[in-house]
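# Topology and contacts: notes
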Amino acid sequence: MPLIEINDISKIYRLGDIDVNALNSVSINIDKGEFVAIMGQSGSGKSTFMNILGCLDKPTSGRYSLEGVDVAGLTRDELAAIRNKKIGFVFQGFNLLSRTSALENVELPMLYNGLPARDRKGRAAAALDKVGLSGRENHHPNQLSGGQQQRVAIARALVNEAPLILADEPTGNLDTKTSTEIMELFVRLNAESNITVILVTHEHDIAAFSKRTMKFLDGRVVSDSPTIKL
Amino acid sequence: MINIPSTIKISVRALRVNKMRSALTMLGIIIGVGAVITMLAVGTGARQKIGEQIASMGSNLLIVLPGATTSGGARMGAGSQMTLSMGDAEAILKECPAVQTVAPNLGGVAQVISGNQNWSTGVTGTTPGMLVVRDWQISEGRSFTDDDVRGATKVCLLGQTVVENLFGSIYSIGQVVRIKNVPFTVIGVLDRKGQSPNGQDQDDTIWIPVTTAQKKIFGTTFPGMVRIVMVKARSTEDLPAAEEQIKELLRQRHRIGQKQDDDFTVRNLTQMMQAAEQSARIMALLLGSIAGVSLLVGGIGIMNIMLVSVTERTREIGIRMAVGAKTWDIRLQFLIEALILSLIGGGIGILFGVSGSQVLSTIAGWPTIVSPFSIFLAFSFSGVVGIFFGFYPAMKASLLDPIEALRYE
Ligand SMILES: Nc1ncnc2c1ncn2[C@@H]1O[C@H](COP(=O)(O)OP(=O)(O)OP(=O)(O)O)[C@@H](O)[C@H]1O
Ligand SMILES: [Mg+2]
């Protein structure tokens, strides 16, 4: 059974009289342990696709099953539980809570699944250690570099041992050297922990870290093939 | 399973970020709760004091005074002439069914001597019924009896103040005191009564049989007349009936025609007390409306700030939803925030209310009593306000669309 089964999904935004077909009949399967890069020009529907994968948004039509569960029939809170346990998000803008320490940012997902405070601290510290940030537990986001902030975000995505990490342009705000470090981290997580990684990028150097590349154009998948190593 | 301690921690942190704003938001609640506490303190204090006063005067008490309250617009001082007789007092007891006891009074100020001590005090000639009418007890010795009244014996009961001034620590029963040079034997001592509603020392008194007072002390030109008649009605409900029956009876006995003014006045002390209670109630009502308005305004203030806070933190809400916060996680976070605001405001308000009550009783002389119940009531009230006015913003936060919240700039 594939981890992700997408069947004929469309997303239509209605803006006044015009319909915008952000996604147009997309069908795709992604297996556990894959490392997928999604590319395509601006406005081609990549973020829309990622949001649907992440159960943050619902498609206008079509079927999406995650680990064999059709998410269309789930309630708001059931979707929240799926996001909590199965999905880790990494955003272009990091999306960390300001005025909150790195450790507490990483603890955040565990606040919502009833883990006792003692276990939370330990697991958050371990996740920070995994992304190479031990010793920075008490730093606030504004006391960390962009790369370090993105590592905190990755630690947060890892901490609940979600099988799937969705990263929408995770290196978009980072310089080349830092981007490479972040990508190496994803590669390691994918290889060592068998975590499925799906990331959106505009850059071929970044996509090159993946094993499979999909290209979007006007809401359609126009190519889907193993990544060509440069 | 919602993580309450962490949620409280998050809320406290959010409130501390905007300390000034949080403090200002609490102000309405502080004033409201302070007013609630003061209101209840004034109310309870007044009720208790009035209750004590009524008890000290004697419950269900009516006083019949000679002279009309008003006479064709010109006021004839009530009590200026003697128009009431012993016969009137006996008739009231016999013929008014709503009356339980009567006590005719004839008194005045007199010099009292015992050994080498002397003291000027109020001497009241009365009947044993006086003890019942005034709800007064004998602390030592015995009361005089109807036989003493019939025989006009020279016996007396002393109030505590008189005992202290004439005898100090000497045992007074059986001793002789000279009232206007007439020797009286002390047969009993009255219980301590304290101050009257108008601030007089009620214990500065000597009681003697009314007949003795008439014949030996306050010899009057009209024998058998008394100055006032005190009446105890059977119950509080019987007070109006007793008043009517006494008026009718006395008009008959004094042969007062249809168009003529009464030559007596009946005063209802309980009613006078109730008037005093009424003014305390008006004060409490005033404070109550201040409390209501400021709690309402305070609640709206909380709602307003919480709405601002929800908007400001839309992105934070989006992040929390993305990592798995459920509807009630978010809702509770904002509800707890509103609740903390209102409860801290309530706590400070209680401090203000308690000290405000104290200031009011020292400056304005109102008796105030802050009861634990009023503190509990005010505190729960502030909690209810917090939850009520925090609910809409919390609801709004929890129903945000995660995608839109995340995209919010
Ligand atoms: N909330 C929305 N309302 C209306 N239209 C939207 C909305 N979100 C996206 N769209 C439209 O859907 C299309 C796809 O947008 P999407 O954000 O998925 O593109 P993208 O591939 O992620 O682009 P980029 O590379 O610039 O991030 C665009 O035409 C966009 O204008
Ligand atoms: Mg995008």
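Residues numbered from 1 in each chain as written. Chains lettered and ligands numbered in written order. Predicted model: local features only at pLDDT ≥ 70, side-chain atom pairs only at ≥ 80, totals over all residues.

### Looking at the overall build of chain B
If you tally the helices and strands in chain B, you get 13 helices and 12 strands. Relative to the 2.2 N^0.38 estimate, which gives 22 Å for 409 residues, the radius of gyration of chain B is 33 Å and therefore markedly larger than a compact globule would have. Summarising its shape, the C-alpha atoms of chain B cover approximately 105 × 55 × 35 Å along the three principal directions. By residue count, 44% of the 409 residues in chain B fall in the buried class. Counting only contacts in chain B whose residues sit at least 6 apart along the sequence, the fraction spanning at least 24 positions is 82%. (Helix = DSSP H or I, 4+ residues; strand = E, 2+ residues; numbered from the N terminus. Rg over C-alpha atoms; globule rule 2.2 N^0.38 Å. Buried ≥ 20, exposed ≤ 12 C-beta atoms within 10 Å, placed from the backbone. Contact = placed C-beta atoms within 7 Å.)

### What about the overall build of chain A?
Secondary structure assignment for chain A yields seven helices and 10 strands. Against the globule reference of 17 Å for 230 residues, chain A gives a C-alpha radius of gyration of 17 Å, in line with a compact fold. Its C-alpha atoms give chain A principal-axis dimensions of about 50 × 45 × 40 Å. For chain A, the proportion of its 230 residues judged to be buried stands at 45%. Sequence separation of at least 24 residues holds for 69% of the intrachain contacts in chain A that already meet a minimum separation of 6.

### A word on the interface of chain A and chain B
Each partner contributes residues to the interface: chain A has 20 residues there, and chain B has 17 residues. Mapped by element, the contributors of at least two residues to the side of chain A that touches chain B are helix 2 (76-86) and helix 3 (102-111) of chain A. If you tally residues by element for the side of chain A that touches chain B, the top one is helix 2 of chain A, at six residues. Looking at the side of chain A that touches chain B residue by residue, the classes come out as nine nonpolar, five polar and six charged. (Nonpolar A, V, L, I, M, F, W, Y, C, P; charged D, E, K, R; others polar.)

### Examining the environment of Asn 268 of chain B
Residues and elements named next belong to chain B. Residue position: Asn 268 is located in strand 12 (residues 264-268). Residue classification places Asn 268 among the partly exposed residues on the basis of 18 C-beta atoms within 10 Å. Along the chain, Asn 268 and Lys 216 lie 52 residues apart, while their C-alpha atoms are 31 Å from each other. In this structure Asn 268 touches Leu 62, Leu 239 and Glu 243, once residues within four positions along its chain are discounted.

### A few points about the sheet that holds strand 6 (residues 87-91) of chain A
Residues and elements named next belong to chain A. Taken in spatial order, the six strands of this open sheet run 6-7-8-3-9-10, and their pairing is mixed. Each having just a single partner strand, strand 6 and strand 10 (220-226) make up the two edges of the open sheet. Across the sheet, the axes of successive neighbouring strands diverge by a mean angle of 15°, strand direction being ignored. (Pairing = 2+ DSSP bridges. Axes fitted to C-alpha atoms, helices over the stretch in contact; angles between N-to-C directions.)

### Overview of unusual backbone geometry
Most peptide bonds are trans, and most residues other than glycine sit at a negative phi. Phi is positive for Cys 55 of chain A, which is not a glycine, with a value near 60°. Its place among the elements puts Cys 55 of chain A in the loop between helix 1 (46-53) and strand 4 (61-66). A count of 22 C-beta atoms within 10 Å places Cys 55 of chain A in the buried class. A positive phi angle, near 45°, is found at Lys 180 of chain B, a position not held by glycine.

### With respect to the site of ligand 1
Residues and elements named next belong to chain A. Neighbouring ligand 1 are Tyr 13, Leu 15, Val 20, Ala 22, Gly 40, Ser 42, Gly 43, Ser 44, Gly 45, Lys 46, Ser 47 and Thr 48. The set of elements that each furnish at least two residues to the shell around ligand 1 consists of strand 1 (4-15), strand 2 (18-30) and helix 1. In terms of residue count, the dominant contributor to the shell around ligand 1 is helix 1 (three residues). When the residues that make up the shell around ligand 1 are grouped by side-chain class, the tally is four nonpolar, seven polar and one charged. (Near = placed C-beta within 6 Å.)

### A word on the confidence of the model for chain B
All names here are of chain B. With 94% of its residues at a pLDDT of 70 or more, chain B has an overall mean of 87. Within chain B, the element-level pLDDT minimum falls on helix 9 (residues 269-312), averaging 83, and the maximum on helix 10 (residues 314-322), averaging 95. Under a pLDDT of 50 for its full length, residues 71-75 has, in the predicted model, three contacts with residues more than four places off or in other chains. (pLDDT = per-residue confidence, 0-100.)

### Section: the sheet that holds strand 1 of chain A
The four strands are arranged 2-1-4-5 (chain A) in an open sheet whose pairing can be described as antiparallel. Strands at the two margins of the open sheet, each flanked by one partner only, are strand 2 and strand 5 (69-70) of chain A.

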